[in-house]
Amino acid sequence: MERPSRREASMADVARLAGVSSQTVSRVSNGHSMVSEETRRRVLSAMKELNYRPNSAARALKSGRFRTLGVVLFTLATTGNVRTLEAISASAADEGYAITLLPVASPTSTGVRGAVTVLGEQVVDGMIVIMEVHLLDAAISLPPNTHVVVADSDAGDRYSVVDTDQSGGARAAVRHLLDLGHHTVAHVAGPAESFAAQRRAAAWRQTLQEAGRPVPPPVGGDWSAASGHEAGLVLADDPSVTAVFAANDQMALGILRALHERGRRVPEDVSVVGFDDIADSASFFPPLTTVHQDFAEIGRLCVDGVLRQIRNETAERGTTLVPTRLVVRSSTAPPPR
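First, a word on what this report is: a plain description of the structure on this page.

Counting its secondary structure elements, the protein chain contains 11 helices and 12 strands. Looking at the protein chain alone, contacts between residues at least 24 apart form 71% of all its contacts between residues at least 6 apart. Counting only carbon and sulfur atoms, one obtains 51% of the accessible surface of the protein chain, whose full area is about 16900 Å².

Have a look at this one:
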């Protein structure tokens with residue numbers, strides 16, 4: 001004879017055991033801050049004792065909210081995307097939201113729309129699109145009334161956009177080298193299809209032009225240390241090169257290796273500046289002068305922007321720029337006499 005299955009504990013059971021209302025149990029389940037710590041502990045203790053599991057699906061159907069944000073992106077191979085995703089995930093968790101990640105195989109508007117459709121079927125409340133490259137076929141176009149924030153893009157006034165102040169960071173890097181006394185600054189650029197690489201290269205060029213300095217031809221890279229090494233070998237063989245601005249820290253690492261292999265000392269013979277301020281940049285040899293990006297703030301603003309739309313609060317379109325700052329370490333110095 002089978003034993004009757006034990007009834008699962010309900011929210012009312014937890015409320016009775018904890019001596020609170022069902023509304024208070026709901027607040028604790030949803031992570032609301034308007035609950036005292038003592039009450040929260042009692043409710044959590046009662047949940048544990050009764051083995052209570054909040055029915056998130058039922059809550060979602062009742063409220064129309066699923067407390068999940070979708071994230072669309074094209075690659076996890078770049079430092080910027082990984083750190084942006086990490087920051088979005090942390091900020092979403094702080095707000096009681098989970099994230100659903102959907103990589104898109106190719107940077108096309110069709111791919112983006114397909115990802116949006118898939119996420120819609122997976123019941124997300126809003127989405128963040130990390131659009132670090134140009135679309136191959138057309139500009140980004142999403143269904144109307146989509147709660148969306150776009151990161152690292154030039155989507156302009158059509159959407160809420162959050163981006164690092166790429167131009168300001170590049171200007172600070174080039175000015176630092178010019179202020180040290182370098183006649184001009186070579187540049188190892190990122191991929192041509194990258195918004196960030198374009199902005200950094202344009203700011204490098206404009207800063208040199210405004211200072212009345214010659215603008216050497218940029219050397220192309222693909223964000224990797226290997227491409228930086230190849231570019232560094234080219235630059236190392238030019239005795240007129242005394243300063244290099246790399247579009248990211250990984251390429252700067254390759255440049256440092258190339259200069260060392262060619263017998264050119266850093267910073268005594270050549271100064272090098274990177275961009276990103278990755279965790280390892282302070283451990284390069286020598287420690288790398290670089291532009292710091294505040295990825296945590298980028299993630300916070302992306303999540304805050306999409307939650308404002310979900311809550312029907314004011315969400316301005318246009319671009320919000322997150323400031324950068326130059327971190328000066330040992331890879332830069334005045335040029336050799």
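The discussion continues.
So, about the environment of D152. Along the chain, D152 turns up in the loop between β4 (148-151) and β5 (160-164). The spatial distance from the C-alpha of D152 to the C-alpha of T84 is 9.5 Å, given a sequence separation of 68 residues. If we skip the residues at most four places from it in the chain, D152 touches M131, E132, V162, D163, Q166, F195, A196 and R199.

Once that is clear, we can look at the sheet that holds strand β9 (residues 271-276). If you walk across this open sheet you meet the 6 strands as β7-β6-β8-β9-β10-β12, and the pairing is mixed. Every interior strand has two partners, whereas the edge strands, β7 (219-220) and β12 (325-327), have only one. Examined bridge by bridge, strand β10 (residues 289-292) and β12 share 3 bridges and lie antiparallel to one another. Following the sheet pairing, T290 is matched in β12 by V327.

Scanning all chains against the criterion turns up 12 salt bridges. Close ionic contact of D269 with R265 constitutes a salt bridge, the shortest N to O distance being 3.1 Å. Among the salt bridges present, the one from R300 reaches E297, with a minimum N-O distance of 2.9 Å. Placement of both R300 and E297 in helix α11 (residues 295-310) is noted, with a separation of 3 residues, approximately one turn of the helix. What makes E297 partly exposed here is its relative accessible area of 24%.

Next up on the list: the sheet that holds β5. With parallel pairing, 6 strands are arranged side by side in an open sheet as β2-β1-β3-β4-β5-β11. Strand pairing shows two members of the sheet lacking a second neighbour, β2 (98-103) and β11 (318-322), which therefore form its edges. Direction aside, neighbouring strands of the sheet carry axes that sit 20 degrees apart on average. Of the strands in this sheet, β1 (68-73), β3 (126-130), β4, β5 and β11 touch α11, which is tilted by about 160 degrees from β4.

What follows covers the nonpolar core. If you look at the biggest cluster of nonpolar residues, it comprises 23 residues, and the most contacted ones within it are V188, L235, V244, I255, L259 and V272. When residues of this core are traced back to their parent elements, those giving at least two are β6 (186-189), α9 (225-236), β8 (243-246) and α10 (249-261). Considering each element in turn, this core owes the most residues, 5 residues, to α10. Excluding residues that lie within four positions of it along the chain, V188 makes contacts with V219, A231, L235, V244, F245, A246, A247, M251 and I255.

Quick look at the packing of helix α5 (residues 79-94) against α11 now. Direction vectors running N to C along α5 and α11 enclose 55 degrees, while the axes themselves pass 7 Å from each other. Comparing their axes, α11 and α5 come out oblique. Between α5 and α11 lies a crossing whose hand is right-handed. Contact residues: α5 offers G80, R83, T84, A87, I88, S91 and A92, while α11 offers F295, A296, I298, G299, R300, C302 and V303. For the contact of α5 with α11, a count of residues per class yields 8 nonpolar, 4 polar and 2 charged.

Okay, the packing of aromatic side chains next. Tallied over the entire structure, the rule returns 0 aromatic pairs. Looking at R200, its charged tip hangs above the ring of F275, at a distance of 3.8 Å from the centre.

Turning next to unusual backbone geometry. For the bond from V266 to P267, the omega torsion is 10 degrees, close enough to zero to count as cis. For P267, the position within the fold is in the loop between α10 and β9. The omega angle of the peptide bond from F285 to P286 is -5 degrees, so this bond is cis rather than trans. In this fold, P286 is placed in the loop between β9 and β10. Positive phi, close to 60 degrees, is recorded for D277, a residue that is not glycine. For D277, the location among the structural elements is in the loop between β9 and β10.

Parameters at a glance
- Residues numbered from 1 in each chain as written.
- Predicted model: local features only at pLDDT ≥ 70, side-chain atom pairs only at ≥ 80, totals over all residues.
- Heavy atoms only, no water.
- Helix = DSSP H or I, 4+ residues; strand = E, 2+ residues; numbered from the N terminus.
- Contact = heavy atoms within 4.5 Å.
- Areas by Shrake-Rupley, 256 points an atom, 1.4 Å probe, with all protein chains shown as cover.
- Pairing = 2+ DSSP bridges.
- Salt bridge = Lys/Arg side-chain N within 4 Å of Asp/Glu carboxyl O.
- Buried < 20%, exposed > 50% of the residue type's maximum accessible area, 1.4 Å probe, protein only.
- Axes fitted to C-alpha atoms, helices over the stretch in contact; angles between N-to-C directions.
- Core = buried A, V, L, I, M, F, W, Y, C linked by side-chain atoms within 4.5 Å.
- Parallel < 35°, antiparallel > 145°, perpendicular 65-115°, else oblique.
- Left-handed = near helix turned anticlockwise from the far one by under 90°.
- Nonpolar A, V, L, I, M, F, W, Y, C, P; charged D, E, K, R; others polar.
- Phe/Tyr/Trp six-rings, centres within 6.5 Å; stacked < 30°, edge-to-face > 60°.
- Lys NZ or Arg CZ within 6 Å of the ring centre and 35° of its normal.

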